[in-house]
2 protein chains.
Amino acid sequence: VEVTTIYQGNMRFAFGEGVSRVVMDARPEAGGLGEALSPKQMVLQGLLGCTGLDVASMLTKKGVVFTEFTLEAKAEQTKLHPMVFKSIHIIYRMRAAEADRPTVLRAIEASKTQFCGVSAMLAKSAELTFELDLLPLG
Amino acid sequence: VEVTTIYQGNMRFAFGEGVSRVVMDARPEAGGLGEALSPKQMVLQGLLGCTGLDVASMLTKKGVVFTEFTLEAKAEQTKLHPMVFKSIHIIYRMRAAEADRPTVLRAIEASKTQFCGVSAMLAKSAELTFELDLLPLG
């Protein structure tokens, strides 16, 4: 796994074009513009992408119909430097049949415990919790 | 720290607009288009942004002149699931005066050991190493 990023000035880094473009900058209190995602938000995006792909892949393979699949993560950090995540809560939200709730929960649990490497790495610092917000199929 | 992402179909997630837009998808062998960054690449971007902002901030505060600052990360993963990073090597590349090499190295080391929370989290799984590729000022 490889990546590159280039300093743009103003406490901003960017790399790539089109759908592979990634921009990060510092909050205003740290001398940045605070317009792009912060590095810590980028890590949480990686966590959501990792577990989200696991779940989407498992549900697709099982023929579960799901729509409007959204993930949200909220993390609390330690007060002291280096500030690391001490807790991360993930909300998995989707429309699917109520009868599929156990299958969706098993997919989320399997991602957390068996498949998602980003979860496994962050779980060494933070307590990871989740909830499923299942909405009726439209 | 909070983030959200939305499933787009085709094993792709995306969120945000303009400089805060982030797109992730799976490799073709995992059913995705492989056009955007993978979740693991997103995590490495967060690592580079975190330590890159530390270093840029420290050098700026010390009045060190540096240009063309680029960071590259290469990570090796475990073979077994969940696949986590077992080693991450970061190359810090910039143009700066040779006389500033010790200051730059101290900033990199301080980021790794004291300031960068992403480094601290990933160091629980992976061995983190770095090198400084200092090029002459143009």
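Residue numbering note: each chain is counted from 1, following its sequence as written. The lettering of chains begins at A and the numbering of ligands begins at 1, in the order of writing. Confidence filtering applies because this is a predicted model: local features only for residues at pLDDT of at least 70, side-chain atom pairs given and counted only at 80 or more, and all residues used for totals across whole chains, interfaces and linings. Excluding hydrogens and water, the side-chain values take into account all heavy atoms of the structure.

Some words on the confidence of the model for chain A
On average, residues of chain A score 97 in pLDDT, and 100% of them reach the 70 mark or higher. This prediction of the complex comes with two scores: 0.97 for pTM and 0.97 for ipTM. By definition, pLDDT measures how confident the predictor is in each residue, and it falls between 0 and 100.

Concerning the relation of the copies chain A and chain B
Fitting of the copies onto one another was done by least squares over C-alpha atoms, counting residues only where both copies have pLDDT of at least 70. Of the two same-sequence chains, chain A is brought onto chain B (RMSD 0.0 Å, axial shift 0.0 Å) by a rotation of 180°. The transformation just described matches what one would write down for a two-fold rotation axis. When each C-alpha of chain A is compared by its distance to the rotation axis, A:Val43 comes out closest, at 2.3 Å. Two residues form a contact once any of their heavy atoms are found within 4.5 Å. Of the interface residues in chain A, 100% have counterparts in chain B that sit at the interface too, so the contact is made through matching surfaces.

Here we look at the sheet that holds strand S4 (residues 66-77) of chain A
Read across the sheet, 6 strands follow the order S6(A)-S5(A)-S4(A)-S1(B)-S2(B)-S3(B) without closing on themselves; strand pairing throughout is mixed. The sheet is open, and its two borders are formed by strand S6 (127-135) of chain A together with strand S3 (22-25) of chain B, each paired with just one other strand. Strand-to-strand twist in this sheet, taken as the mean axis angle between neighbours without regard to direction, amounts to 20°. For two strands to be treated as a pair, DSSP must find no fewer than two bridges joining them. Helix numbering and strand numbering both begin at the N terminus, where a helix is a DSSP run of H or I of at least 4 residues and a strand a DSSP run of E of at least 2. Two elements, strand S1 (residues 2-9) of chain B and strand S2 (residues 12-15) of chain B, share 3 bridges in a ladder whose sense is antiparallel. Residue pairing for S2(B): B:Gly9 is matched across the bridge by B:Arg12. Here the axes come from fitting lines to C-alpha atoms, over the contacting stretch only for helices, and the angles between their N-to-C directions go from 0 to 180 degrees. The strands that helix H2 (residues 101-115) of chain A touches are strand S5 (85-96) and S6 of chain A; relative to S6(A), the one it contacts most, it runs at about 155°.

Some remarks on the interface of chain A and chain B
Contacts between the two partners involve 62 residues from chain A and, on the opposite side, 62 residues from chain B. For chain A, the biggest contributors to the area lost against chain B are A:Val1, A:Val3 and A:Met121; these three give 14% of the whole. For this document, the term salt bridge refers to a Lys or Arg side-chain nitrogen within 4 Å of an Asp or Glu carboxyl oxygen. At the boundary of chain A with chain B, the tally comes to 0 salt bridges. Any pair of N or O atoms that falls within 3.5 Å is considered a polar contact. Within protein, one atom must be able to donate a hydrogen and the other to accept it, and sequence-neighbouring residues count only if both atoms are side-chain atoms. Applying the counting rule to chain A against chain B returns 12 residue pairs in polar contact (both at pLDDT 80 or more). Among the secondary structure elements, those contributing two or more residues to the side of chain A that touches chain B are strand S1 (2-9), strand S2 (12-15), strand S3 (22-25), helix H1 (39-61), S4, H2 and helix H3 (117-122) of chain A. The nonpolar class holds Ala, Val, Leu, Ile, Met, Phe, Trp, Tyr, Cys and Pro. Asp, Glu, Lys and Arg form the charged class, and all remaining residues, Gly among them, are polar. Of the residues contributing to the side of chain A that touches chain B, the split by class is 37 nonpolar, 16 polar and 9 charged. Of the strand pairs in this sheet, S1(A) and strand S4 (residues 66-77) of chain B are connected by 5 bridges, and their pairing is antiparallel. Bridge pairing in S4(B) places A:Thr5 opposite B:Leu71. Put simply, buried area is the surface a 1.4 Å probe can reach on two separate parts but cannot reach once they are joined, added for both.

Description of the side chain of A:Asp25
Residues and elements named next belong to chain A. Mapped onto the elements of the fold, Asp25 is located in strand S3. Buried residues are those whose accessible area, probed at 1.4 Å on protein chains only, stays under 20% of the maximum for their type, while exposed residues exceed 50% and partly exposed ones sit between those limits. With relative accessibility at 0%, the residue Asp25 sits in the buried group. Only 3.4 Å separates the side chain of Asp25 from the backbone nitrogen of Gly34, close enough to count as a polar contact. At 3.3 Å, the side chain of Asp25 forms a polar contact with the backbone nitrogen of Ala36.

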